[in-house]
Every structure is written in structure tokens, then in C-alpha cells.
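# Notes for the structure review
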Amino acid sequence: MAILEVKNIHKNFGKTKVLKGVSFSMEKSEVVAILGSSGSGKTTLLRCINFLETADKGQILVEGKPIFDASDKRKKSASEIRDMQLNFGMVFQSFNLFPQYSALENVMLAPKLLAKERADFRQNKKQIYKEIEQTCIQLLDRVGLSQKLSNYPCELSGGQQQRVSIARALALNPKVLFFDEPTSALDPELTGEILKVIRDLARKQMTMIIVTHEIEFARNVADRIIFMDGGVVVEEGAPQYVIDNPQNERTRAFLSKLSER
Amino acid sequence: MGFLEVTLTLLSGFKTTFFIFIATLLLSLPLGLIITFGSMCRFLPIKILVRTFVWIIRGTPLMLQIILVFYGPGLLWDMDAMARTTAVLIAFVVNYSAYFSEIYRGGIESVSKGQYEAGQVLGLTKVQVFFRIVLFQVIKRIVPPMSNEIITLVKDTSLARIIAVEEIIMVAQRYISAKALIWPLFYSGAFYLIFCGLLTILFWFIEKKLDYYHS
Ligand SMILES: Nc1ncnc2c1ncn2[C@@H]1O[C@H](COP(=O)(O)OP(=O)(O)OP(=O)(O)O)[C@@H](O)[C@H]1O
Ligand SMILES: [Mg+2]
């Protein structure tokens, strides 16, 4: 069964139609890279799936269960949306770390707050917090930051900040992890460390959707490429088809423009 | 007229000054936050109402507001005049809440949308996002403008004498008519100076405390 299924998503901002019927689905452990020119609606699509925007039309299903249906007019409560949201993790282009918290505190914040809702929280508070701390330290170690646990974001390089934000997203065990141009805000020499972390996650069977302009990276890490243009998916398939042998005119134009750079 | 005696008399006037200061501060700090929420309200009528109110309060002299609060009710509805200190406090609290609310608003609006969104995708509730993520960043950002405003408040308390509240300036001035002495009036400035100096040190300390990160 598909872990994520997106059906016919439409999104307008006022009169601008940004998404005009986007559909795709993905299997567990699959890595999908979304390519497309600027303004094609990639960010908007990720934001709609992550409840940062509300799609005007369409459905989203996780493991076959609908988590969003635009035709369902019943207004969802904030806590319902939150439960849905916890299916996903999101890594932003601009990191969005919390500046007043250390790297470790950034990663622990959400799990600790979530733990308060556990039935056994009162009795086992110490134990629960300890376990969370252990897990979060491991996560930071996994992204190569075991030496930076107590550093604040302002004391970290862009690449290190982005790795903290990846660890922060992983701390909630999302079923699908989304990346919106995770390396675009970084100096070129720092992109490598982020791509390495993502590659490592792919090897560990993490299900991921990555919006990126790094074609070579997409080719290496993605099982499937989705190419978007003008708010629709114009071509999708394995990298060797979409990148090396595109069938669609618009995909070809986009790729040739990229290779000119 | 002994120096010590003048000092003690002025000190008793400063007690009133200090009371106006501290009561205004303690009441306007939270009230300002409520006004902030009103002026950022998505419901347009409330937002317009609150912003008009802030405009009027900030757009007219505090001295007029004190006079209005003290004499207004009597003139309009034939009410008994309220206690002078109460009138002063009402005017000060309303006035300073309006100023504080604008500082709060600036602080809240300066926190980037990305902070709220990061909190939201991590499954935090709106309340958690405000108290765990936004509030601290707001406090850090508003300490400098707030300390400025609070130091202004110390000196604004002298406006209370317009309706004959016995704060330090009024007490000092009495020496002119009663004893033909002007130096107590100038001397009263030292009280303000010392008090503001202490506040400056306090704010410097708070700023230092919050300075462990920058964004
Ligand atoms: N909040 C908004 N209000 C109005 N228009 C918006 C909003 N967000 C996005 N848009 C518009 O939607 C279109 C698609 O934007 P989007 O950010 O999804 O593109 P993108 O594919 O992510 O581009 P890029 O590669 O530059 O990041 C753009 O034309 C943009 O101007
Ligand atoms: Mg984008």
C-alpha cells in the first residue's frame, strides 16, 4: 500500500492558480526528488501536504487513510490537524531553528512536549525525559554533531544548523520526511555535508520527498523523479528516464537550461 | 533650613513618585499585552477600535489625559471627584499600556513566520508555540525599547502635580513659596537621577542575561 497518496491537489492564491491538479503516490522507503523551475509550485505542494497551507481541492492519504479532503467541509480542530501533521517531518530551506535553544534543546523540545500527553507521564517523567535525551543525542550524533550538543544555532555554521534541523525533524519519527531545497541557503562547500546526511537516511530506508535543484544529487539518491511545471506534474519516473532521457518538451528545456549554468 | 530635613521631606514626596511609577508599571505591563492582542486581532472591527484608541492615547499629551480623567467625570455626569492619586493612576496606566502595546506588537511581529511554522510542523499547539518559542524571542527584542520607555515613566510621574498630587516636584516647589528656597527643587533632580541610574543598571543586567545568543 502507498505510504503517501496525493490526489488532484489544487491551490490558488487569490486569482493565481499555483497548483492545478497534482497527483502522485509513493511507497514506504522510497525517495522522491521533485524538480521544476522557479515558481512551478514545489514549495506550495510541500506546504499543502504539511498543513501549512490548505489546498482548495484534492485529497491526501497516509497508508490508505485520508488525512485531508478538501471536499470535507467540516472544520477540523487544531488537535486533529496536529495529529495528522505528526505523520510528516519538514526540513526548511532557511532551517528555522529556535535561536534561544541549544542544538540538543532544539531537537528535544517537540518530543518532550509530546511526551506530556502520555498517560504514564506523571509517574515516569524522569525516565521518559532521559530516554528522549538519549535518543536525541543519538540523532545529533548520526548527523555528525555529537560535539555540538550545547552550542546555540548562532554558534553553528549553516551546514551544521541544517543538520540540527534534520535531527529535529527525525526526533518525532515521521513516516515521510520532506525537504524543501535543503541546501539552497548554504555556501556551495557546505552542501556536501547535507547531501551526505540525506544519502545516509536513504540507505536507512527513510521515506523522503526532496525538492532540490541539485540534479546530480537527485539522480544518485532518488528512486524516482517528479518534474513539475506550471502547477502540474509533467513527467515522472526513474532518474535515468526523466533526467537522462526526458520525453516532455518542458523537462528538456528545464534540464538544458540547468546544464548551461 | 537643614539639608537633612529637606532630604527627608523630598524623600516623602519621592514615595508618591515611586508609588505612581511602580503601580503604573505593574498594571500596564499585562494590560499592554491585552491591547497588543486587540490591535493584532483578525476580527477587523476590534482591530480598528483598538488601533484608534492607541492613536488617540499616543496622539494627545499625557497631561491633558490626567486632567480629563480627574475633572471629566464630574463635568459630564456630575460625579464626585475621585481621589487624585486614582485619577493619576488611571491616566498613567492607560497611557503607558498603549505605548507598551506598540512595543510588544513590534516585538511579536519581528519574529519570523518560519519560527511559527517550524513549531507547527513539529506538532506544537498554538499556545506552546507562543510560550515555548515566540515569547522569549519577543522579550529579548523588547528589552531595550522597554527600558527606554520605563525610564521615561520615572520622569513622567512629575506630571501628577498638575492635579496637585504630592509627588516630589510638588513638595520641592513648596519651598519656593513658603521659604523662598529654590535649591530643593533642583535637588529633587538628584532623586530622579539616582533612581534612573539604578534602573539603567538593572536593564543592563537583564540585557546581558539575554545576550547568550543572537539571531
Ligand atoms: N502566500 C502566497 N501568496 C501569493 N502567492 C504565492 C504565495 N506563495 C506562493 N505564491 C506563488 O505561487 C507560485 C509558486 O510558488 P512556489 O513557492 O510554490 O514555487 P517553487 O516551485 O517552490 O519555486 P522556487 O523553485 O523558486 O522555490 C509563485 O508564483 C508564487 O509567487
Ligand atoms: Mg520553493
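What counts, and at which threshold
- The written sequence of each chain sets the order in which its residues are numbered from 1.
- Whichever chain is written first is A, and whichever ligand is written first is 1; the rest continue in order.
- With the structure being a predicted model, the display of local features is reserved for residues of pLDDT at least 70 and the display and counting of side-chain atom pairs for 80 or more, all residues being used for whole-chain, interface and lining totals.
- To obtain the side-chain values, all non-hydrogen atoms of the structure were included, while hydrogens and water were left out.
- To qualify as a helix, a DSSP run of H or I must reach at least 4 residues; to qualify as a strand, a run of E must reach at least 2; elements of each kind are numbered from the N terminus.
- Burial classes: relative accessible area under 20% of the type maximum marks a residue as buried, over 50% as exposed, and values in between as partly exposed (1.4 Å probe, protein chains only).
- Any pair of residues with heavy atoms lying within 4.5 Å of one another is described as a contacting pair.
- Only the protein chains shown count as covering a residue, and every accessible area follows the Shrake-Rupley method with a 1.4 Å probe.
- Under this rule, positive means Lys or Arg and negative means Asp or Glu; His and the chain ends count for nothing.
- By convention, charge coordinates are those of NZ in Lys, CZ in Arg, CG in Asp, or CD in Glu.
- For this analysis, a salt bridge means a side-chain nitrogen from Lys or Arg found within 4 Å of a carboxyl oxygen belonging to Asp or Glu.
- Two N or O atoms count as a polar contact when they lie within 3.5 Å, although within protein this holds only if one can serve as hydrogen donor and the other as acceptor, and sequence-adjacent residues are included solely when both atoms are side-chain atoms.
- Two parts lose some accessible area (1.4 Å probe) when they are put together, and adding that loss for both gives the buried area.
- Source of the domain bounds: an automatic or database domain assignment.
- Here a pair means two rings of Phe, Tyr or Trp (six-membered ring of Trp) with centres within 6.5 Å. Their orientation is stacked below 30 degrees between planes, edge-to-face above 60, and tilted elsewhere.
- Criterion for a charge above a ring: Arg CZ or Lys NZ at most 6 Å from the ring centre, at most 35 degrees from the ring normal.
- Strands are treated as partners if at least two bridges between them are detected by DSSP.
- Angular values range over 0 to 180 degrees, each being the angle between N-to-C directions of two axes fitted as lines to C-alpha atoms, with helices fitted over their stretch in contact.
- Only buried residues count toward a nonpolar core, which is a set of Ala, Val, Leu, Ile, Met, Phe, Trp, Tyr and Cys residues joined through side-chain atoms within 4.5 Å.

## Brief notes about the overall build of chain A
Counting secondary structure elements, chain A contains nine helices and ten strands. If you line up chain A on its principal axes, its C-alpha atoms span 60 × 50 × 35 Å. Relative to its full complement of 261 residues, chain A shows a buried share of 55%. Considering only intrachain contacts with a sequence separation of at least 6, the fraction spanning at least 24 residues in chain A is 66%. Working note: accessible area of chain A is about 12200 Å², and carbon and sulfur atoms make up 46% of it. For chain A, the centre of its 37 positive side-chain charges and the centre of its 32 negative side-chain charges are spaced 5 Å apart.

## Observations concerning the side chain of A:K42
Residue and element names in this part refer to chain A. Looking at where K42 falls in the secondary structure, it is placed in helix 1 (residues 42-49). Buried charge without a salt bridge: K42, with E181 as the nearest opposite-charge side chain at an N-O distance of 4.7 Å. Within polar-contact distance, the side chain of K42 engages the backbone oxygen of G36 at 2.9 Å. Every residue in contact with K42, bar those within four places of it in the chain, is listed here: I34, L35, G36, S37, E181, V211, H213 and M228.

## As for the interface of chain B and chain A
With 21 residues of chain B in contact, the opposing surface of chain A contributes 24 residues. Here chain B packs against chain A, burying approximately 2100 Å² in sum over the two surfaces, 61% of which is carbon and sulfur. When the buried area of chain B at its contact with chain A is split by residue, B:V121, B:L122 and B:R132 rank highest and sum to 32% of it. Inspection of the chain B/chain A interface yields one salt bridge. Two residues, B:E117 and A:R47, come together in a salt bridge whose shortest N-O distance is 2.7 Å. At the boundary of chain B and chain A, one finds ten residue pairs in polar contact (both at pLDDT 80 or more).

## Side note on the domain arrangement of chain A
All names here are of chain A. Domain parsing of chain A yields domain 1 (1-87 + 176-261) and domain 2 (91-173). Computed from C-alpha atoms alone, the centre-to-centre distance between domain 1 and domain 2 is 25 Å. Contacts between the two partners involve 20 residues from domain 1 and, on the opposite side, 17 residues from domain 2. For the domain 1 and domain 2 pair, buried surface summed over both sides reaches about 1600 Å², with 66% attributable to carbon and sulfur atoms. Three residues stand out in domain 1 for area buried against domain 2, namely L86, E193 and V197, and they jointly supply 25% of the buried area on that side.

## Brief notes about the pattern of salt bridges
Tallying each qualifying case throughout the model produces 20 salt bridges over all chains. A salt bridge links A:E216 to A:R219; its shortest N-O distance comes to 2.7 Å. Placement of the pair is A:E216 and A:R219 together in helix 7 (residues 215-221), with a separation of three residues, close to one helical turn. On the basis of relative accessibility, which here comes to 45%, the residue A:E216 falls in the partly exposed class. Overall, the relative accessible area of 27% leaves A:R219 in the partly exposed class. The salt bridge partner of B:E102 is B:R58, with a shortest N-O separation of 3.8 Å. One end of the pair, B:E102, is in helix 4 (residues 84-109); the other, B:R58, is in helix 2 (residues 44-59), with 44 residues separating them in the sequence. What makes B:R58 partly exposed here is its relative accessible area of 38%.

## A few points about the packing of aromatic side chains
Each aromatic ring pair is summarised here by two numbers: the centre-to-centre distance and the angle between the ring planes. In total, this model carries 23 aromatic pairs over all chains according to the counting rule given. With a centroid separation of 6.2 Å and 40° between ring planes, the pair formed by B:W183 and B:Y187 is classed as tilted. In this pair, B:W183 and B:Y187 both sit in helix 8 (residues 183-209), four residues apart, roughly one turn of the helix. On the basis of relative accessibility, which here comes to 19%, the residue B:Y187 falls in the buried class. Here the aromatic residues B:F3, B:F14, B:F18, B:F21, B:W183, B:Y187, B:F191 and B:F195 are joined through ring pairs into a cluster of three or more. Note that A:R168 overlies the ring of A:F98, its terminal NZ or CZ placed 4.6 Å from the centroid. For B:K140, the ring lying beneath its charged end belongs to B:Y213, and the centroid distance is 4.7 Å.

## Points about the sheet that holds strand 9 (residues 224-229) of chain A
Working definition: the strands of a sheet are paired by backbone hydrogen bonds and lie parallel or antiparallel to each other. Residue and element names in this part refer to chain A. One open sheet holds the six strands; their spatial order is 6-7-8-3-9-10, and the pairing between them is mixed. If you trace the sheet from one side to the other, it starts and ends with strand 6 (88-91) and strand 10 (232-237), each paired once. With direction set aside, neighbouring strand axes in the sheet form an average angle of 20°. Two strands pair when backbone bridges link them, and strand 9 and strand 10 are joined in this way by five bridges, in the antiparallel orientation. Paired with I225 across the bridge in strand 10 is G237.

## Looking at the nonpolar core
In terms of nonpolar packing, the biggest core is built from 91 residues, with A:L4, A:F24, A:I34, A:F178 and A:I209 touching the most fellow members. Among the elements that line this core, the one with the most residues is helix 6 (residues 126-156) of chain B, at eleven residues. Among the domains, domain 1 (1-87 + 176-261) and domain 2 (91-173) of chain A are the pair contributing at least three residues each to this core. Non-local contacts of A:F24, meaning those with residues more than four positions away in its chain, are made with A:L4, A:E5, A:V6, A:L45, A:I49, A:I209, A:I226 and A:E236. Judged by nonpolar contacts, the second largest core, of 41 residues, contains A:F95, A:L97, A:L186 and A:F217.

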